[in-house]
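# Inside the fold
The residues making up each chain are set out below.
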Amino acid sequence: MTFQIILLVAMLAASAFAILAKDLLKAAVALAVSSLILGIIFFRMGAPYAGVFEISVVAGLITVLFMLTIALTKQGDDVRESKTVKIIFPLFFIVFALIDLFVMRGILARIPALEGAAEAGTFGEVLWKERSFDLIGQLAVILAGVLSVLALFRKRDRHDHE
Amino acid sequence: MIFLYIGLPLAVSAVLPLVGKASKRVLPDILANAALAGLLVYAATGARALLAQGPIVQQVRWLGEAVNIRIALDGFSLFMLMAIQLVSLCVGLYSINYMEHYGAKANYYALLLVMVAGMNGLVLSQDLFSVYIFLEVAAVASYALVAYGLGAEELEASFKYLMLSVVASAAVLTAIAILYGMTGALGFDGVAAGLRLLEANTVTGIAAALFLMGFGLKAALIPFHAWLPDAHPSAPAPISAILSGLLIKVSGVYAIARIFYHVLGLTPALSQILMWLGAVSIVVAAFLALGQSDMKRMLAYSSISQVGYVVLGIGIGTPLGVAGGLFHLLNHALAKGLLFLTSGSVQQATGTRNLDEMGGLAKRMPWTAGTNLIGALSISGVPPLGGFWSKLIIIIALIQSGEAALAVIAVLASVLTLWYYLIMQRKAFFGKLAERWVKVKEAPFWMTAASVLLALLVIGVGLWFATVFSTWIQPAADSLAKGF
C-alpha cells in the first residue's frame, strides 16, 4: 500500500512538472516518466496488457515522436506562454487534490459493483472477437488521422487567403 | 445490411486520396456524392422497410463467419440516419463548386465521409464504448476540416476546439469507466440492467454529471459553448453547415438522449437540469447572437440557442416533449445547414462575412437571398415553416407538464431569434446595393442547387408537417421513450 502511494505521488509530481516545465524537452521527459510509473501501477493492479501498452506506446513511442518534433522545430519559433498558467494550474491542482481527499475517497469506497463475470477468454480473443466493432472504429480513427495529416500538410498555393 | 452506413463511407474515403491522384476534381465529386446519395436513398427506402417489424439488431457476417459487430437500428437511430444523410448530401453537392479554390478536393471529401461514417456509427452503436470511439472518429475528422483553410484563424479555432473536445472525451470516458466498473457491462441494456440491480444513486449521479459535461461540451450548451463560435465560422461553409446542422446534435444531443433515456434513466432531477440547461442556452446565446456583425458567427450563436430548444424538448420527458425536441432537431439541421451554405455563397461572392459591409445583395443574388430568408424564417418559428411547428409542440408540451415559466422563455426567445435574423436579412440582402457589390454574381450552379434543395425541404417539412411527424418523428420519439 505504501509503495502504491509513493508511486501515485511520484506520478502526480512528474505530471505536474510536465505542465510547469518551461523547457519542452524536460516536459516531454517528465511526461514519459509519469506514464512509465502509470504503467508500473497498471502491472501491480493486475492489468499487464494495459501496462505494456502504456510503457511501450505512451512512454516509449510517443516520447520519441515528441523528441523528434522538438528537435525538428526551428529555434526562434517558440511562443511565449501567458503567465496565468503558473497561477491557474497550481490553483486547480490544489482544488482537485482537496476534492480527491474529501469527496472522492468517500465515494470510491462506496461504489458498489456487481459480481464481475470471469474474464471471457484471452486478451487477443477479447480484442478481436468481443470488441470487433471497436476495431472498425479504431481503423476509422487512424484513417481520419492519416487524412488529416494529408489535408493539413498539403501545398497551399491554390488557397486564396481572404 | 445496415453496416453499410459505416462501411461504405469508410471504404470510399480510403480510396478517395488514390482516386484524387488520377482525377483532381470530377471523379472525387462524383464518387463522394454518389456514396452520400446512395446512403440517403437507402435510409429513405430500404431501412424503413426493415424497421417495419420492430427494432433490428444486426450481427455482421464476414466471409461466412459471424463477427461480433452488433449494431442496432430503431426508430430514433433511423430518424438520425435520415437527417445525417440528407444534410450530408446537400453539403456534398454544395462542395462541388465551393471547395474548388481550397484545393485537395479528394482529401476533403475523404475527411467528410469519415465524419459521416463516425456519426452513422455513433447512431447505430448500442454500446457505451463504441459510442465513445465513433464520437472520436467524427471529432478527429472535424478538427482537420475546421482547419482546412490553413489560415491562422482557422488553425487557432481548430486547436481550441480540439482542446475543449479532449476535455469532453475525458469526461465521457470517465463516466463510461465508472459504469463499467460497477456493472461489468458496456452494452446499453447490460449497463441499464446492472444499474437497476445496484440502485447506486450517488455514483450514477456522478456518471450522469460527467456525461452531461462531456456531451454538453460536444453539443455546445451554455456554459460549455466557448469553442463553437470560433470553430464553426472558421470552417469552410459546407463544413460549418454539417458541424452546426449535424455534428453537435449527433455527438451531443443524440448521445445525451440515448444514454439518459436508455441507460441511466431520466429522473425528475435530470429532467429539470436538462430543461434549464436548454433554457439558459436559448436565452444567453440569442442575446449573444444579437450583437454579432460577422454573419457566420451570428449563425453559430444561433446554433447554440436552437440546440437549447432541442435539449429543452427532450428534457421535458413527456412523449410530446421528446417528439417536439426531435422535430426541432430535424428542422434546425435543415435550416441551419441551409443558412451556413448561403452564408458561404455570400462570403465567396463578396469576400467578406461582415454584415455591416454588405447590403442590397438580394438584387445580385436572388436565389441565395431567397433561400436564406426561408431558412431564417423557419428557425425563427414563422408559420407555416417547419421551425414553427416544432417550437409550437415544445411550448405546448411545456405548458402541459406545468412548466409555464419555461414556456414563456421559449416564446420570448423566439422573438429574439426573429429579431437577429431580420437584422441579418436587412444588413445583407435588403436595402440599397452598395457600389462595390455591383459586379457580384449569383453563386455557381451546385451551390445554388444545394441551397434550393434544402430550402424546398424546409418548406416541405412545414407544409406536410403532419405526414413528416407521423412517419419519422413519432416512431423516433416512441422508441426513445420506451427503450430497446
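The structure reproduced in this document is the subject of the present report. Not measured: the values here are computed from a predicted model.

Conventions adopted
- By convention here, each chain's residues receive numbers from 1 onward along its written sequence.
- Key to labels: chains lettered from A, ligands numbered from 1, both in the order written.
- Note on the predicted model: pLDDT of at least 70 is required for a residue's local features to be given, and 80 or more for side-chain atom pairs to be given and counted; whole-chain, interface and lining totals, by contrast, use all residues.
- The term nonpolar core means buried Ala, Val, Leu, Ile, Met, Phe, Trp, Tyr and Cys residues held together as one set by C-beta atoms within 7 Å.
- Each residue is classed by its C-beta neighbour count within 10 Å, where at least 20 other C-beta atoms makes it buried, 12 or fewer makes it exposed, and intermediate counts make it partly exposed; the C-beta atoms are placed from backbone geometry.
- Secondary structure counts use DSSP, requiring at least four H or I residues in a row for a helix and at least two E residues in a row for a strand, with both numbered from the N terminus.
- Take the residue count of a helix, subtract one, and multiply by 1.5 Å to get its expected span.
- Think of it this way: build a C-beta for each residue from its backbone, and any pair within 7 Å is a contact.
- Under the grouping applied here, Gly and all other residues not named as nonpolar or charged are polar, the nonpolar ones being Ala, Val, Leu, Ile, Met, Phe, Trp, Tyr, Cys and Pro and the charged ones Asp, Glu, Lys and Arg.
- Under this scheme, a helix contributes an axis fitted over its contacting stretch, all axes are lines through C-alpha atoms, and angles between N-to-C directions fall in the 0 to 180 degree range.
- When describing relative orientation, an angle under 35 degrees is termed roughly parallel and one over 145 degrees roughly antiparallel, while 65 to 115 degrees is termed roughly perpendicular and anything else oblique.
- Should the near helix be turned anticlockwise from the far one by less than a right angle, the crossing is left-handed, and should it be turned clockwise, the crossing is right-handed.

### Describing the nonpolar core
Counting residues in each nonpolar core, the largest one holds 212 residues, and the members touching the most others are V87, L111, V114, V137 and A410 of chain B. Tallying contributions element by element places helix 11 (residues 237–264) of chain B first for this core, with 18 residues. In this structure, A28, L31, A32 and A59 of chain A belong to the second largest nonpolar core, which totals five residues.

### Here we look at helix 16 (residues 386–400) of chain B
Helical geometry: 3.6 residues make up each α-helical turn, so side chains three or four residues apart lie on a common side. Residues and elements named next belong to chain B. For helix 16, which comprises 15 residues, the first-to-last C-alpha distance of 21 Å matches the rise-based estimate of 21 Å (1.5 Å per residue) to within 8%. By the criterion of burial, helix 16 is predominantly enclosed, with 11 of the 15 residues buried. Buried within helix 16 we find G386, G387, F388, W389, S390, K391, I393, I394, I395, A397 and L398. The elements touched by buried residues of helix 16 are helix 13 (295–316), helix 14 (319–350), helix 15 (366–380), helix 17 (404–428), helix 18 (445–463) and helix 19 (465–482). At the exit of helix 16 stands G402, carrying a positive phi of roughly 75 degrees.

### A few points about the environment of L4 of chain B
All names here are of chain B. Structurally, the position occupied by L4 is in helix 1 (residues 4–22). According to the C-beta neighbour criterion, L4 is partly exposed, with 15 such atoms within 10 Å. Placed 113 residues apart in sequence, L4 and A117 show a C-alpha to C-alpha distance of 9.4 Å.

### A closer look at the interface of chain B and chain A
Contact with chain B, which involves 49 residues of that partner, is made by 32 residues of chain A. Mapped onto the side of chain B that touches chain A, the elements with two or more residues apiece are helix 1, strand 2 (65–73), helix 5 (105–124), helix 6 (128–146), helix 7 (152–183), helix 8 (188–198) and helix 9 (201–219) of chain B. The greatest single-element share of the side of chain B that touches chain A, amounting to 10 residues, is contributed by helix 6 of chain B. When the residues that make up the side of chain B that touches chain A are grouped by side-chain class, the tally is 30 nonpolar, 17 polar and two charged.

### Re the packing of helix 14 of chain B against helix 18 of chain B
All names here are of chain B. Orientation of helix 14 relative to helix 18, taken along the N-to-C sense of each, is 150 degrees, at an axis distance of 9 Å. Taken together, the axes of helix 14 and helix 18 lie roughly antiparallel to each other. Here helix 14 and helix 18 pass one another in a crossing that is left-handed. Of the residues in helix 18, those in contact with L330, N331, L334, A335, G337, L338, L341, T342 and S345 of helix 14 are M447, A450, S451, L454, A455, L457, V458 and V461. In terms of residue class, the contact of helix 14 with helix 18 is made up of 12 nonpolar, five polar and no charged.

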